[in-house]
Amino acid sequence: MSWTQVCYQYDGSYPGFLTCVFDSWTSREEPVEFRTPEDMCCSLYPLRTVETDQARALRVYRSFAKFGTEGQRLAVRTFLTCLPDRELWLWRYLRLAYAQGPAIVRNLTDPTVDKVRKAVWHLEHEAHMYKGFTRFSDLEGVLAGEIEPKNRVLPLLRPHFCGRYPQERFVLHDRTHREALFHQPGPRGSAILPVEDFSLGPAGTEELAYRKLWRAFYDTIAIQGRYNPKCRMTNMPKRYWAMMTEFQEDYGTALPEVR
């Protein structure tokens, strides 16, 4: 029995995508495109709108246990990547994984597996870099920071910063994806929420003093005889600099947009 090729329109969430996976198997449909309501272009394939169903999404998520630990990690984290047509690549990966089980991660010659593994590696590498390159400012008792990642790294940064600052109130804003990680001590813990308009606001006198001290420390420990800008950009890529305190010239303003 052949599968019908369709274009799925969903809400853009991970549970919404998993609902699409559930419907594709039960309806014997092969998605060739995934779209969200914000996508303006038309499709040449029959368009079907899929409403998010949490129960169906949970059933699909639990089935990932069949892939083994590594296979499950790829199935979850691929959705967080900036891979073009990530939903389509992930759907193809899941179809292979259901057929091959844990052996899917050893099928390195398959173009779908290779594409997914590289995308997840890029995601995890970027998250690792932001663990060291994220800068927080103390704004009226709340630690606030901003990042501009290519991938949706906040879910990976969440356990790191919540574990590092368990007794602090902080917010980490992702400019690219318009979402922020909020944390406060106590049972409420942390949450990643969408934000439409976010501004750090002006820094206080004490915060400006700490920024100045940090910049002075950064400049003092530099060894002029070993100045190597190419090496620095290799270990500290330039696209991170706009969000880092030590590279800011004006301590009295919010961090600038990356151009």
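Above this text you will find the structure in question.
What this report covers is the structure whose coordinates are included nearby.

So, how was this worked out
Residues numbered from 1 in each chain as written. Predicted model: local features only at pLDDT ≥ 70, side-chain atom pairs only at ≥ 80, totals over all residues. Heavy atoms only, no water. Pairing = 2+ DSSP bridges. Helix = DSSP H or I, 4+ residues; strand = E, 2+ residues; numbered from the N terminus. Axes fitted to C-alpha atoms, helices over the stretch in contact; angles between N-to-C directions. 1 Å grid on protein atoms, 1.4 Å probe; cavity = no way out; pocket = protein on both sides within 12 Å on 5 of 7 lines; lining within 4 Å. Points joined across faces, edges and corners; volume = space filled by probe spheres on them. Contact = heavy atoms within 4.5 Å. Core = buried A, V, L, I, M, F, W, Y, C linked by side-chain atoms within 4.5 Å. Buried < 20%, exposed > 50% of the residue type's maximum accessible area, 1.4 Å probe, protein only. Parallel < 35°, antiparallel > 145°, perpendicular 65-115°, else oblique. Left-handed = near helix turned anticlockwise from the far one by under 90°. Nonpolar A, V, L, I, M, F, W, Y, C, P; charged D, E, K, R; others polar.

Pairing between the strands of a sheet comes from backbone hydrogen bonds, and it takes one of two forms, parallel or antiparallel. On the basis of which strands lie adjacent, the open sheet formed by five strands has the order β4-β5-β6-β7-β8 and mixed pairing. The sheet is open, and its two edges are formed by β4 (137–139) and β8 (190–194), each paired on a single side. Ignoring which end each strand starts from, the neighbouring axes of this sheet average 25° apart.

What follows deals with the layout of surface pockets. Of the pockets and cavities examined, the largest pocket occupies roughly 590 Å³. Residue lining of the largest pocket: 23 residues in total, with Phe136, Ser137, Asp138, Glu207 and Tyr210 positioned closest to the centre. Counting only elements with at least two residues in the lining of the largest pocket, the list comes to α5 (111–133), β4, α6 (154–164) and α7 (205–220). It is α7 that contributes the most residues to the lining of the largest pocket, five residues altogether.

What follows is about the environment of histidine 177. By the element assignment, histidine 177 lies in the loop between β6 (170–174) and β7 (179–183). Here the alpha-carbon distance between histidine 177 and glutamate 148, two residues 29 residues apart in the chain, equals 8.3 Å. Histidine 177 has contacts with Pro149, Lys150, Asn151 and Arg152, leaving out every residue within four places of it along the chain.

Read across the sheet, three strands follow the order β2-β1-β3 without closing on themselves; strand pairing throughout is parallel. Edge positions in the open sheet fall to β2 (29–35) and β3 (47–49), since each of these has one partner strand only. Across this sheet, the average inter-strand angle for adjacent strands is 40°, counted without regard to direction. Two strands pair when backbone bridges link them, and strand β1 (residues 4–9) and β3 are joined in this way by three bridges, in the parallel orientation. Looking at the pairing, cysteine 7 lines up with leucine 47 of β3. Against the sheet, helix α1 (residues 14–26) engages β1, β2 and β3, with an angle of about 155° to β2.

Ranked by internal contacts, the top residues of the largest apolar core, which has 30 residues, are Phe17, Phe34, Phe64, Tyr93 and Leu94. Contributions of two or more residues to this core are made by β1, α1, α2 (54–63), α3 (68–77), α4 (86–100) and α5. When near neighbours in sequence (up to four residues on either side) are disregarded, leucine 94 contacts Phe17, Val21, Phe64, Phe67 and Ala75. With 24 residues, the next largest nonpolar core counts Phe133, Val153, Met236 and Trp241 among its residues.

Quick look at the packing of α5 against α6 now. Where α5 contacts α6, the axes come no closer than 9 Å and their chain directions differ by 25°. Viewed along their axes, α5 and α6 adopt a mutual orientation that is roughly parallel. For α5 against α6, the interelement crossing comes out right-handed. Residues Leu123, Glu124, Ala127, Tyr130 and Lys131 of α5 touch α6, and the partners they reach there are Leu156, Leu157, His160, Phe161 and Arg164. Of the residues that constitute the contact of α5 with α6, the class distribution is six nonpolar, one polar and three charged.

Coordinates in, geometry out; function isn't part of it.
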